[in-house]
Amino acid sequence: MPPLVDGLHLNQYVAPELLVEFRNYKDDFMAVLPGAPAGAITADGLRMNKLINNVNFLINNADPFTATAMDGKKGIIEWDKLDTSPTKVTDAEIRSVAFDKRSEVRVKHAQAWKIGVRDYVLRKLAPPAHVASAMPVIRTTGADDGFGRKRMTYDDFLNFYAEIELLNLPDNMSLNFIFNPQHVTDLRKDKANTNYHREGFVIDPSTGKLKRYLKWNLWENNSAPIYLANGSLKAAGASAISTDRTASTFFTAENTVHHVNEVKVLYKPETIDTTSADPTSEFRLQSYALCNKKQDYGFGALVSGIV
């Protein structure tokens, strides 16, 4: 196709549709995240209580029993403020282009919001670093993919599965694993266990998507958390370096909470702009949200190894 250049055609004799942006809007895994109880939401965030189980089980005890108190702990998940950056549109643009630019700007903001919230949630689900017997972060061990990344093998996936099993998570229906695209490809290339792949994985025959593996619900997303060479979660927006590696992530839905307050549409119409030669309107979205682990237990990441 011809190269795209800056600007917009200003007459009516142009193709009626805008060119499609090929972006990853997929956020289906978020459907399994439980919402926050309305009564527990405060101006400071979501308030939570936990009882610490100190009950002992005794066999053939001959001594007098002494009752002990069961202590509690409390915590709060604080709000995060979510915004899209404002977009301005001049009255001259509205008069000249062959489509409703204000309407399309609103659509673009809604799309950016969906992507932003999806990536925000993915980072909140990922462990900040390896925590033994609570939040395992494990590296893949396969062959070099030709770019300095160790592929994920079926054994890597099975070992990670075993690590999560040791956490004794009670609700099998809430166990979820989100594959990044590199790891899906790696499993397809790991042909040594092809037969077990068929037996262990449930694949939707109409779409080819991974749906389940034994107790786990499986999801796929092209967006993924990134880990540094030292095994820590990379800060959002930090510049990419050659030793960064993406992760596939595990989360237990029952230990997660997600809530978005009403999204506000902030709009300043050009009718109140009395000083500009071309009156300008501005538009953005804003809300408060919370998404986090209720406690640091029952999450994990399978990160590509570094050659």
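Scoring rules and cut-offs
- Residues numbered from 1 in each chain as written.
- Predicted model: local features only at pLDDT ≥ 70, side-chain atom pairs only at ≥ 80, totals over all residues.
- Heavy atoms only, no water.
- Helix = DSSP H or I, 4+ residues; strand = E, 2+ residues; numbered from the N terminus.
- Buried < 20%, exposed > 50% of the residue type's maximum accessible area, 1.4 Å probe, protein only.
- Contact = heavy atoms within 4.5 Å.
- Areas by Shrake-Rupley, 256 points an atom, 1.4 Å probe, with all protein chains shown as cover.
- Phe/Tyr/Trp six-rings, centres within 6.5 Å; stacked < 30°, edge-to-face > 60°.
- Salt bridge = Lys/Arg side-chain N within 4 Å of Asp/Glu carboxyl O.
- Core = buried A, V, L, I, M, F, W, Y, C linked by side-chain atoms within 4.5 Å.
- Lys, Arg positive; Asp, Glu negative; His and termini not counted.
- Polar contact = N/O pair within 3.5 Å; in protein donor to acceptor, adjacent residues only side chain to side chain.

Enquirer: With reference to specific residues and values, describe the overall build of the protein.
Expert: Secondary structure assignment for the protein yields five helices and 17 strands. When the 307 residues of the protein are sorted by exposure, 36% land in the buried category. Contacts spanning at least 24 positions in sequence make up 75% of the contacts within the protein whose residues lie at least 6 apart. Per element, the accessible surface of the protein, about 18600 Å² overall, is 54% carbon and sulfur.

Enquirer: Just give me the short version of the packing of aromatic side chains, but keep the residues and values in it.
Expert: Scanning all chains against the criterion turns up 11 aromatic pairs. Aromatic side chains Tyr161 and Tyr213 sit 5.4 Å apart centroid to centroid with 85° between the ring planes, which places their arrangement in the edge-to-face category. Here Tyr161, found in helix α3 (residues 154-165), pairs with Tyr213, found in strand β9 (residues 210-213); they are 52 residues apart in sequence, far enough to count as distant. Among the residues examined, Tyr213 registers a relative accessible area of 0% and is labelled buried. Here the aromatic rings of Tyr161 and Trp216 are separated by 4.6 Å at their centres, their planes lie at 40°, and the arrangement is tilted. Residue Tyr161 is located in helix α3, and its partner Trp216 is located in strand β10 (residues 216-220); the two are separated by 55 residues in the primary sequence. Among the aromatic residues, those joined into a ring-pair cluster are Phe157, Phe160, Tyr161, Phe177, Phe179, Tyr213, Trp216 and Phe250.

Enquirer: Mind laying out the pattern of salt bridges, listing which residues take part and the relevant values?
Expert: Per the counting criterion, the structure on display carries 13 salt bridges. Across the salt bridge formed by Arg151 and Asp186, the nearest N and O atoms sit 2.9 Å from each other. One end of the pair, Arg151, is in the loop between β6 (149-150) and α3; the other, Asp186, is in helix α4 (residues 181-189), and 35 residues separate them in sequence. Taken as a pair, Arg151 and Asp186 share a single burial class, namely buried. By sharing partners, the salt bridges in this structure join Asp145, Arg149, Arg151 and Asp186 into a single network.

Enquirer: I'd like to hear about the environment of Ile241, residue by residue, with values.
Expert: Take Ile241: it is sitting in the loop between β11 (226-227) and β12 (245-252). Taking the C-alpha atoms as reference points, Ile241 and Leu228, 13 residues apart in sequence, are found 8.7 Å from one another.

Enquirer: Outline the nonpolar core, supporting the account with residue identities and numerical values.
Expert: Proteins that are soluble and globular tend to have nonpolar side chains buried together. Phe29, Val121, Leu125, Ile178 and Phe251 are the most contacted members of the largest nonpolar core, which has 23 residues in total. Sorting the residues of this core by element identifies α2 (101-125) and β15 (280-293) as the ones contributing at least two each. Among the elements that line this core, the one with the most residues is α2, at seven residues. In this structure, Phe251 is in contact with Phe29, Val32, Leu33, Leu125, Ser174, Leu175, Asn176, Ile178, Thr256, Gly298 and Phe299, ignoring residues within four places of it in sequence. One finds Met152, Tyr161, Phe177 and Leu210 within the second-largest nonpolar core, a separate group that totals 20 residues.

Enquirer: Go over the environment of Asn54, please, and point to the residues and values.
Expert: Structurally, Asn54 is set in the loop between β1 (45-51) and β2 (72-78). Sequence separation between Asn54 and Thr68 is 14 residues; the distance between their C-alpha atoms is 8.5 Å. Those residues in contact with Asn54 that lie beyond four places of it in its chain are Thr68, Ala69 and Met70.

Enquirer: Describe in detail the side chain of Arg245, supporting the description with residues and values.
Expert: Turning to its location among the elements, Arg245 is positioned in strand β12. At 6.9 Å, Asp145 is the nearest oppositely charged side chain to Arg245, a buried residue that forms no salt bridge. At 2.7 Å, the side chain of Arg245 forms a polar contact with the backbone oxygen of Gly148. Those residues in contact with Arg245 that lie beyond four places of it in its chain are Arg139, Phe147, Gly148, Arg149, Pro225, Ile226, Tyr227, Val303, Ser304, Gly305 and Ile306.

Treat this as a map of the structure, not an account of what it does.
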